[in-house]
Amino acid sequence: MRLSAAAGLLTGLLLAGIPMAASAQAGEHPVVVELFTSQGCSSCPRADAYLRDLAEEDDIIALSFNVDYWDYLGWKDTLASPAFSERQRAYGRALGLSGVYTPQMVVNGIAEGVGSRRDEIGSIIDAQDEHSLPVEISFRDEGSSLTLSVAAGTAPEKPATLWLIRYATAEEVEIRRGENRGKTITYAHAVRELTPIGMWKGNAMTMTLPKSELLTRGYEGCVALLQAGDGGPILGAAEIGSLN
């Protein structure tokens, strides 16, 4: 996981009110579902399967973050990053939880539940309305580049972070040790890179990104998240996948 790689991909940043384009591969008001999972967690495969289903929904941006704090149980998670574990802990602090656990799903940065409980998570998703993400974000395909646009909005108390997330569409892993030994698990939308690329203070902003470097083998999908504070609510989101 490379925290600085995407920053080097930025070819321009213009603070201007350029017209918005439709969000790619997501509804106009997507719901962001983040799963915190581990290859060493016996309760996680059912949540991993649920996220695979959610990833097929047009109005949901589904992301799988593998955490590293279960590695001591006997299997080093091959997709995990300490940065993903810290992201989960930030949610725990923001949501007033006593600790973190797997499998956990966080919805729009404002609600959480056990990721294997489909009814519970489904109810949280259904409770999100079209106003849950107040800031419009979009990707626009410009041929050799992508334009990422963030609309103007009410300035937050503290500048919000614009995150660029790159994921693998599907990562199949054969587990040889630990609680899931003998299983082969497919992780949908497995996050491989999480990079802060800007701060938003309420003004419209656009960024030009090189498409061929962002969307490539092993990094078939890209998501932009505008997030308040450290582990705060998601204010806006957009997703784009590999264009063949």
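Preceding block: the structure.
Residues numbered from 1 in each chain as written. Predicted model: local features only at pLDDT ≥ 70, side-chain atom pairs only at ≥ 80, totals over all residues. Heavy atoms only, no water.

S.K.: What should I look at first to understand the nonpolar core in this one?
M.R.: Soluble, globular proteins show a tendency: their nonpolar side chains are buried together. If you look at the biggest cluster of nonpolar residues, it comprises 23 residues, and the most contacted ones within it are I137, F139, L148, V150, L162, W200 and L226. At the level of elements, β6 (137–141), β7 (145–150), β8 (160–174), β9 (184–200), β10 (205–210), β11 (221–227) and β12 (234–241) are the ones that each hand at least two residues to this core. Within the second largest apolar cluster, 20 residues are counted, among which are F84, Y91, I165 and L225. (Core = buried A, V, L, I, M, F, W, Y, C linked by side-chain atoms within 4.5 Å. Buried < 20%, exposed > 50% of the residue type's maximum accessible area, 1.4 Å probe, protein only. Helix = DSSP H or I, 4+ residues; strand = E, 2+ residues; numbered from the N terminus.)

S.K.: Would you mind going over the pairing of strand β2 (residues 31–37) with me for this structure?
M.R.: Where a strand is regular, its side chains alternate between the two sheet faces. Most of β2 sits inside the fold, with 7 of its 7 residues counted as buried. Alternating residues of β2 divide into V31, V33, L35 and T37 and V32, E34 and F36, and every residue in both groups is buried. The sheet contact formed by β2 and strand β3 (residues 60–66) spans 7 bridges and is parallel. Its bridge partner lying in β3, V31 is registered against I60. (Pairing = 2+ DSSP bridges.)

S.K.: Even after reading the chapter, I still don't get a negative patch on the surface, so can you show me in this structure?
M.R.: Residues E56, E57, D58 and D59 make up a contiguous surface patch of negative charge. Within the secondary structure, E57 sits in the loop between α1 (44–54) and β3. (Patch = residues over 30% accessible without salt bridge, like charges linked within 9 Å, V, L, I, M, F, W, Y side chains within 5 Å. Areas by Shrake-Rupley, 256 points an atom, 1.4 Å probe, with all protein chains shown as cover. Salt bridge = Lys/Arg side-chain N within 4 Å of Asp/Glu carboxyl O. Lys, Arg positive; Asp, Glu negative; His and termini not counted. Charge placed at Lys NZ, Arg CZ, Asp CG, Glu CD.)

S.K.: What's the story with the pattern of salt bridges in this structure? I'm lost.
M.R.: For side chains of opposite charge, pairing can occur when their charged atoms come near one another. Tallied over the full model, the rule gives 10 salt bridges. Measuring nitrogen to oxygen at the nearest pair gives 2.8 Å for the salt bridge that ties R118 to D53. With R118 in helix α3 (residues 118–126) and D53 in helix α1, this residue pair connects regions lying 65 residues apart in the sequence. Take R118: its relative accessible area is 38%, and that puts it in the partly exposed class.

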